[in-house]
Amino acid sequence: MSVVPAEVLPGGARAVPDTAAGAAELGPSARLWPSLVAVYRAQLSRARVARIPLLFVATFQSIGITVMMRGVVDSGHEAQSVVAGSSVLVVAYVALNLLSQYFGQLRASGGLDHYATLPVPPAAVVLGAAAAYASFTVPGTLVTAVFGCALFGLPLSNLWILVAVIPLAGAALAGLGAACGLLAPRPELATLLGQLGMSAALLLGVLPADRMPEVVRLARDLLPSTYGVEAYARTFGADPDWAVVLVDLGVCAGVGVVSLAVATWAYRRAAVR
Amino acid sequence: MRGLGKTYPAVKSRRGAPGTPEVRATDGVELDVRRGEVFGLLGPNGAGKSTLVRQLTGLLRPDTGSVEILGHDIVRHPERAARLLAYLGQESTALDELTVSLAAETTGRLRGLDVRRARAERDAVLEELGLTPIAGRALKKLSGGQRRLACFATALVGERPLLVLDEPTTGMDPVARRAVWAAVDRRRAERGTTVLLVTHNVIEAETVLDRVAVLDQGRVIACDTPAGLKERVAGEVRVELVWRERAPLEVPEVAVLRERAAESGRRWTLRLAPEEARAVVATVTGGAAFAALDDFTLATPSLEDVYLALGGAARQGLVKT
């Protein structure tokens, strides 16, 4: 197969080719939605291979926390925060911690090159992965919520609010996770940031806020998962204030938009150095 | 070469790769690759091959110089690279947890194919490379060679006129290797696909490449056909002598040779004119020296010899041993 054309001779390869004439037609580039769906599907299939044990860990951790807190708090307002907090903790574990680790490792190992050499919009890669990780959290969050409600005798009637809480808290936390993973200069740091974020969601989200000192309450207000927790916790009451629930969810959505935009920017930066 | 009335994919880049300061990963590299050619980049680890490829694929912005692919300026429009070329990198982490079939399909989708075409091309490519039986298995669970072949398959889904392959056949068995080169040949014959191949493997380079550029410390130290390169050292043959325990330096002829030999344990490597080589072989295969001789080989120059003769870094071989 090494047939050498006659004109290929030493020195003959120096001419600069004509650039203007006959530029090749560019291949198609992938549009946002189809490629987002493709990334989402591929990421979701990874769950079967790699994520299931971790999803179990996430769920058991949250269930364990509700059991532990059962010995500390009685039913009532505090129980509501515990159940809501431990449910949203599943989202924090998977979307923030695991996604941060995933992108950190992908970046460090050069795996981003695969996406970067495909004509795919950066937002499709980030949003597809974030959406998939947010989806991973659905079973764990539901199981924790149902278990917690049963344990503390809370009503299941407004469980449907999770349909809004999971995607919005998921967007906010996955966006943060992706941004941490893509911005961290080393994968260990991405893992550390993800773990810290999850610990913060655990400590500030699950424990009832009323007993906390002012500084901790401020930190709690800064954490996006808090608003997901609050939105869910408010719906346990007999007559929930839906306007406040909407505001809480609006904060999650806002943080989600900003953090996913930052993550997209971070991806672009990490992919082409 | 312009007499043919074609524009050729051209690679020209000078001085690149920031990263660690003061390291010139590519230093004034100038190369022209012609359309439909299988062009090789050969060089030891750290020669700048990967940096060059990253610059060419739009992953890394060169500090100076220009890269032009099929008439498109890649330095000014790095995003066009993805629409002109398919890149097979050394890492498969982005695909590891997918099945072979989904990896190929997803990559096709991300190259802008619609679902139907992505699936059709996926099936065709997997069939062509003999991957259909393992299509449902995750890449992670495959052997190194099979995984590499699956990654190669993803590079073929969603036709591109230029394939940039970074050591595509690492770890592959001969059957898989043959499938890769057959697939490359077919695309070249049918669609005039151009291939830029990064390799360590000198033997493979000799058999598949039309032309080869030898890179060393970020510079192109030679660029020619494999045969053309070998002609440069055509006057020499390589003699390898392996002694049983140690070289019989008490034999005067052997003692003389020592100065010209590259010693590596019990092995001496000599580059000699053919007549000299004949004399050396006669010496060591007769008389006192023969008793100390374990093995000897006499070989015509290979690309590896060319590389050494050109003064490659540290004067080591290209193939890791």
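What you see is a predicted model; the values in this text were computed from it and never measured. (Residues numbered from 1 in each chain as written. Chains lettered and ligands numbered in written order. Predicted model: local features only at pLDDT ≥ 70, side-chain atom pairs only at ≥ 80, totals over all residues. Heavy atoms only, no water.)

**Quick word on the overall build of chain B**
Secondary structure assignment for chain B yields 12 helices and 14 strands. Burial analysis of chain B (321 residues in total) assigns 56% to the buried set. Summarising the internal contacts of chain B: among those between residues at least 6 apart in sequence, 67% fall at separations of at least 24. Surface exposure of chain B reaches about 13700 Å², of which carbon and sulfur atoms provide 49%. (Helix = DSSP H or I, 4+ residues; strand = E, 2+ residues; numbered from the N terminus. Buried < 20%, exposed > 50% of the residue type's maximum accessible area, 1.4 Å probe, protein only. Contact = heavy atoms within 4.5 Å. Areas by Shrake-Rupley, 256 points an atom, 1.4 Å probe, with all protein chains shown as cover.)

**Some remarks on the overall build of chain A**
Across its full length, chain A holds nine helices and zero strands. Counting from the amino terminus, helix and strand elements in chain A follow one another as α-α-α-α-α-α-α-α-α. The C-alpha atoms of chain A give 23 Å as radius of gyration, which overshoots the globular expectation for 273 residues (19 Å, by more than 25%). On the principal axes, the C-alpha backbone points of chain A span a range of 90 × 35 × 35 Å. In chain A, the share of contacts with a sequence separation of at least 24, taken over all contacts with a separation of at least 6, comes to 85%. Accessible surface for chain A amounts to roughly 11600 Å². Of this, 69% is attributable to carbon and sulfur atoms. If the 16 positive side-chain charges of chain A are averaged to one point and the 14 negative ones to another, these points end up 9 Å apart. (Rg over C-alpha atoms; globule rule 2.2 N^0.38 Å. Lys, Arg positive; Asp, Glu negative; His and termini not counted. Charge placed at Lys NZ, Arg CZ, Asp CG, Glu CD.)

**Things to note about the pattern of salt bridges**
A side chain of one charge can pair with a side chain of the opposite charge when the charged atoms of the two come close. If you walk through the whole model with that rule in mind, you get 30 salt bridges over all chains. We note a salt bridge from B:Glu159 to B:Arg191, for which the minimum N-O separation is 2.5 Å. With B:Glu159 in the loop between α5 (144–156) and β7 (162–166) and B:Arg191 in helix α6 (residues 174–191), the pair connects residues that are 32 residues apart, well separated along the chain. With a relative accessible area of 46%, B:Arg191 lands in the partly exposed category. The shortest N-O distance in the salt bridge between B:Glu263 and B:Arg258 comes to 2.9 Å. A relative accessible area of 41% places B:Glu263 in the partly exposed class. On the basis of relative accessibility, which here comes to 37%, the residue B:Arg258 falls in the partly exposed class. Sharing partners across several salt bridges, the network here consists of A:Arg41, B:Glu105, B:Arg119, B:Arg122 and B:Asp123. (Salt bridge = Lys/Arg side-chain N within 4 Å of Asp/Glu carboxyl O.)

**As for the packing of aromatic side chains**
Going through the model one piece at a time under the given rule, you end up with seven aromatic pairs over all chains. Taken together, a centroid distance of 5.6 Å and an interplanar angle of 55° make the contact between A:Tyr102 and A:Phe103 tilted. With centroids separated by 5.6 Å and ring planes inclined at 80°, the aromatic side chains of B:Trp243 and B:Trp268 adopt a geometry described as edge-to-face. Linking B:Trp243 in strand β11 (residues 237–243) with B:Trp268 in strand β13 (residues 267–272), this pair joins segments that are 25 residues apart in sequence. No difference in accessibility class separates B:Trp243 from B:Trp268, as the two residues are buried. Ring-pair connections join several aromatic residues into one group, and the members of that group are A:Tyr102, A:Phe103, A:Tyr133 and A:Phe136. (Phe/Tyr/Trp six-rings, centres within 6.5 Å; stacked < 30°, edge-to-face > 60°.)

**Some remarks on the packing of helix α2 (residues 77–109) of chain A against helix α6 (residues 187–206) of chain A**
Residue and element names in this part refer to chain A. Interhelical geometry of α2 versus α6 gives an angle of 175° and a closest axis separation of 8 Å. Taken together, α2 and α6 sit at an angle that is classed as roughly antiparallel. Along the lines of polarity and charge, the residues of the contact of α2 with α6 split into 12 nonpolar, 13 polar and no charged. (Axes fitted to C-alpha atoms, helices over the stretch in contact; angles between N-to-C directions. Parallel < 35°, antiparallel > 145°, perpendicular 65-115°, else oblique. Nonpolar A, V, L, I, M, F, W, Y, C, P; charged D, E, K, R; others polar.)

**Quick look at the sheet that holds strand β14 (residues 293–299) of chain B**
Residue and element names in this part refer to chain B. Reading across the sheet, the four strands line up as β12-β13-β11-β14 and stay open at both edges, with antiparallel pairing between neighbours. At either margin of the open sheet sits one strand with a lone partner, and together these are β12 (262–264) and β14. Adjacent strand axes in the sheet meet at a mean angle of 15°, parallel and antiparallel pairs treated alike. In terms of strand pairing, β12 meets β13 through three bridges, oriented antiparallel. (Pairing = 2+ DSSP bridges.)

**Thoughts on the sheet that holds strand β6 (residues 85–88) of chain B**
Residues and elements named next belong to chain B. Taken in spatial order, the six strands make up an open sheet running β6-β7-β8-β3-β9-β10, and their pairing is mixed. Among the strands making up the open sheet, the edge pair consists of β6 and β10 (219–224). With direction set aside, neighbouring strand axes in the sheet form an average angle of 15°. Both strand β3 (residues 38–42) and strand β8 (residues 194–199) contribute to a ladder of five bridges, which runs parallel. Paired with Leu42 across the strands is Thr199, a residue of β8. Packing against the sheet, helix α1 (residues 49–56) makes contact with β3, β6, β7, β8 and β9 (211–216), and its axis sits at approximately 150° to β8. The strands touched by α5 are β6 and β7; relative to β6, the strand with the most contacts, the crossing angle is about 170°.

**Some points on the nonpolar core**
Soluble globular proteins tend to bury their nonpolar side chains together. Counting 75 residues, the largest nonpolar core has A:Leu99, A:Val165 and A:Tyr232 as the members making the most contacts within it. Contributing elements (two or more residues each) for this core: α1 (32–70), α2, α3 (112–116), α4 (122–152), α5 (162–183), α6, α8 (224–234) and α9 (242–271) of chain A. Among the elements that make up this core, the one with the highest residue count is α2(A) (18 residues). Each residue touching A:Val165, except ones within four places of it in the same chain, is listed here: A:Val88, A:Gly170, A:Gly228, A:Ala231, A:Tyr232 and A:Leu249. In terms of nonpolar packing, the next biggest core, distinct from the first, is built from 53 residues, A:Ala42, B:Met172, B:Val212 and B:Val233 among them. (Core = buried A, V, L, I, M, F, W, Y, C linked by side-chain atoms within 4.5 Å.)

**Some thoughts on the confidence of the model for chain B**
Residue and element names in this part refer to chain B. Per-residue confidence for chain B gives a mean pLDDT of 82, with 88% of residues at or over 70. Confidence over residues 1–22 falls short of pLDDT 50; this stretch has 82 contacts with residues more than four positions distant or in other chains. Below pLDDT 50 for its whole length, residues 313–321 participates in 20 contacts with residues either more than four positions away or in separate chains. (pLDDT = per-residue confidence, 0-100.)

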